[in-house]
Amino acid sequence: MTMLDRSQKAAMDPNEPPPHDDNICRRRESSDDTHVEDVAEFDGTFAPIARPKEKRLLPWYRDREYLIGGWVDRATWKAAVVESMGTAGYVFISGQVAATLHSYDTLQVGAYIGISNIFLLSTFIYATAAITGGHLNPLVTFSAIFAGICPFSRGILYLCGQTLGGALGGGVLAGVWGHARSKQLHGGSCFYDPAEMSTGQVFLNEIFASFVLLFLVYGVGLDPRQTAVVGARLGPLLVGVSLGLLTFATSGVAPGYSGAGMNPARCFAFGIADRDLSTQWIWWFGPAIGALLLAFSYNMVPPHPSPGDEEGEKDSHSNATLHRHATASHV
């Protein structure tokens with residue numbers, strides 16, 4: 001019996017079950033399989049739908065698969081390439097925004113920097129979240145590794161990709177601007193005037209600004225528990241808002257200071273554009289310390305309870321139930 005015959009029979013007989021199209025079912029199954037294969041599945045993604053549903057049974061530092069697995073996963077290598085491309089585009093646009101604001105010679109540069117970063121970062125996260133998780137920043141990836149939400153192999157590949165992407169973006173900026181313009185712009189950002197701020201002051205600001213940014217990023221985007229609060233699609237926008245707020249708040253701290261960098265790959269790009277890497281240690285070690293501080297605090301309150309915690313909750317629930325039954329029997 002053909003599909004048309006079954007449809008006509010169903011129309012005449014209300015008790016006849018609706019026709020079953022095997023091709024449609026196969027297409028749906030194929031679509032589901034593609035979704036599973038193409039989306040980057042790990043806890044530290046900005047696409048909540050791609051996070052694994054099962055809970056980890058061991059802490060990340062005792063999980064062998066987390067520490068040494070995944071190196072031969074082709075999807076992870078492809079994601080690292082896309083992360084590199086995304087980072088290159090991100091730092092390129094960021095540098096061009098800085099150059100444009102410098103040309104306008106506006107007094108409201110801090111506000112424009114904050115607003116542009118909101119849309120710039122959130123748009124790039126939306127564009128890459130399904131494929132890579134949307135990190136685009138060694139600060140985010142480094143913290144996610146030690147927070148237990150980004151496997152070691154994926155994290156290392158992402159860090160390499162982000163650094164290469166930053167180098168590519170910085171090289172393109174240097175070619176577009178030329179030597180004189182690059183020097184005039186100090187590469188775009190991530191610079192300070194030693195006469196106005198000491199190296200120690202800049203370093204301290206970089207550490208704590210990076211920590212605060214991560215605190216907000218985890219709260220609105222990376223923590224698996226945030227989906228129940230802000231939803232699955234609002235996270236990247238709020239991450240952009242967090243960056244915009246911090247870049248605006250730190251951009252006018254002192255004359256000649258561009259504000260907290262909070263993205264080593266971006267600062268690396270601007271150092272390449274400026275042909276001066278002498279202060280790069282500030283923009284790398286500052287965020288690294290901030291990332292470790294955040295990861296340490298995050299491990300104190302992990303997103304998934306450990307087996308011992310779950311057993312303790314069950315015991316507490318059982319004791320509470322027995323107490324209620326005992327009270328009821330006395331009454």
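Residues numbered from 1 in each chain as written. Predicted model: local features only at pLDDT ≥ 70, side-chain atom pairs only at ≥ 80, totals over all residues. Heavy atoms only, no water.

What about the overall build of the protein?
Applicable threshold: For helices the rule is a DSSP run of H or I covering at least 4 residues; for strands it is a run of E covering at least 2, with both sets numbered from the N terminus onward. Each residue is assigned to one of three classes by its accessible area relative to the maximum for its type, calculated with a 1.4 Å probe on protein chains only: buried under 20%, partly exposed between the two thresholds, exposed over 50%. The contact definition used throughout considers only heavy atoms, calling two residues in contact when any of these lie within 4.5 Å.
Within the protein, the secondary structure is distributed over 13 helices and zero strands. Order of helices (α) and strands (β) in the protein, N terminus to C terminus: α-α-α-α-α-α-α-α-α-α-α-α-α. A burial count over the protein gives 42% of its 331 residues as buried. A separation threshold of at least 6 residues defines the contact pool for the protein, and within that pool the share at least 24 residues apart is 77%.

So, the pattern of salt bridges
Rule in force here: Put simply, a salt bridge is a Lys or Arg side-chain nitrogen that is within 4 Å of an Asp or Glu carboxyl oxygen.
Throughout the structure, instances matching the rule amount to two salt bridges. Among the ionic pairs, D274 bridges to K183, the shortest N-O distance being 3.8 Å. Of this pair, D274 sits in helix α11 (residues 264-274) while K183 is found in helix α7 (residues 152-184), placing the two residues 91 residues apart along the sequence. Judged by relative accessible area, which is 11%, D274 ranks as buried. Residues D223 and R225 are paired through a salt bridge, measuring 2.8 Å at the closest nitrogen-oxygen approach.

Some words on the environment of M85
Among the secondary structure elements, M85 is positioned in helix α4 (residues 74-104). Classification of M85 as exposed rests on a relative accessible area of 57%.

Structural notes on helix α10 (residues 235-250)
Rule in force here: The span one expects for a helix is its residue count, reduced by one, times 1.5 Å.
The end-to-end C-alpha separation of α10 is 23 Å, in line with the 22 Å expected for 16 residues at 1.5 Å each. Taken residue by residue, α10 has G235, P236, V239, G240, S242, L243, G244, L246, T247 and T250 as its buried positions. Where α10 is buried, its residues contact α4, α5 (109-132) and α8 (199-222).

Points about the state of the cysteines
Linking two cysteines covalently via their sulfur atoms produces the bond known as a disulfide. Quick reminder of the rule: When the sulfur atoms of two cysteines come within 2.5 Å, that pair is taken as a disulfide.
Under the counting rule described, the total for this entry stands at one disulfide. The disulfide partner of C190 is C267, and the gap between their sulfur atoms is 2.0 Å. With the S-S bond torsion at -65°, the cross-link from C190 to C267 turns out left-handed. With a gap of 77 residues between them, C190 in the loop between α7 and α8 and C267 in helix α11 connect regions that are remote in the sequence.

As for the environment of D193
Locating D193 in the fold gives a position in the loop between α7 and α8. What makes D193 partly exposed here is its relative accessible area of 31%. In sequence terms D193 and A254 are 61 residues apart; their C-alpha atoms lie 8.6 Å from each other. Once you skip the residues sitting within four places of it in the chain, D193 turns out to touch P255 and G256.

Structural notes on the packing of aromatic side chains
Let me state the cut-off plainly: The criterion for an aromatic pair is that two Phe, Tyr or Trp rings (for Trp, the six-membered ring) have centres within 6.5 Å, with stacked assigned to planes under 30 degrees apart, edge-to-face to planes over 60 apart and tilted to the rest.
One pass over the structure, following the stated rule, counts 10 aromatic pairs. On the basis of an interplanar angle of 55° and a centroid distance of 5.8 Å, the ring pair of W60 and Y66 is categorised as tilted. As far as the burial class goes, W60 and Y66 line up, both buried. Joined through ring pairs, the aromatic side chains of W60, Y61, Y66, F142 and F146 make up one cluster.

Side note on the UniProt feature "transmembrane region" (unreviewed entry) in the protein
Cut-off, in case you're wondering: UniProt positions are given in the numbering used here, feature names are shortened, and annotations may be inferred rather than shown by experiment.
Mapped onto this structure's residue numbering, the UniProt feature "transmembrane region" (unreviewed entry) falls at residues 109-129, 135-152, 159-180, 200-222, 234-254 and 281-301. Across residues 135-152, helical content stands at 61% and strand content at 0%; the span's end C-alpha atoms are separated by 15 Å. Spanning residues 200-222, this segment combines 100% helix with 0% strand, and its end C-alpha atoms are found 30 Å apart.

Quick look at the packing of α7 against α11
To be explicit about the condition: Under this scheme, a helix contributes an axis fitted over its contacting stretch, all axes are lines through C-alpha atoms, and angles between N-to-C directions fall in the 0 to 180 degree range. By convention the crossing between two helices is left-handed if the near helix lies anticlockwise of the far one by an angle smaller than a right angle, and right-handed if it lies clockwise. Here the term charged refers only to Asp, Glu, Lys and Arg, the term nonpolar to Ala, Val, Leu, Ile, Met, Phe, Trp, Tyr, Cys and Pro, and the term polar to all other amino acids, Gly among them.
Two elements in contact, α7 and α11, have axes separated by 6 Å at closest approach and are oriented at 35°. Crossing handedness for the pair α7 and α11: right-handed. Residues Q162, T163, G166, A167, G170, G171, L173, A174, W177, S182 and K183 of α7 lie in contact with α11, whose contacting residues are A265, F268, A269, F270, I272, A273 and D274. Its residues assigned to classes, the contact of α7 with α11 shows 10 nonpolar, six polar and two charged.

Notes on unusual backbone geometry
Positive phi outside glycine occurs at C190, with the angle close to 60°. The exposure class assigned to C190 is buried, which follows from its relative accessible area of 7%. Of note, the phi angle at R275 is positive, near 60°, even though the residue is not glycine. Looking at the element boundaries, R275 is found in the loop between α11 and α12 (280-300). Among the residues examined, R275 registers a relative accessible area of 46% and is labelled partly exposed.

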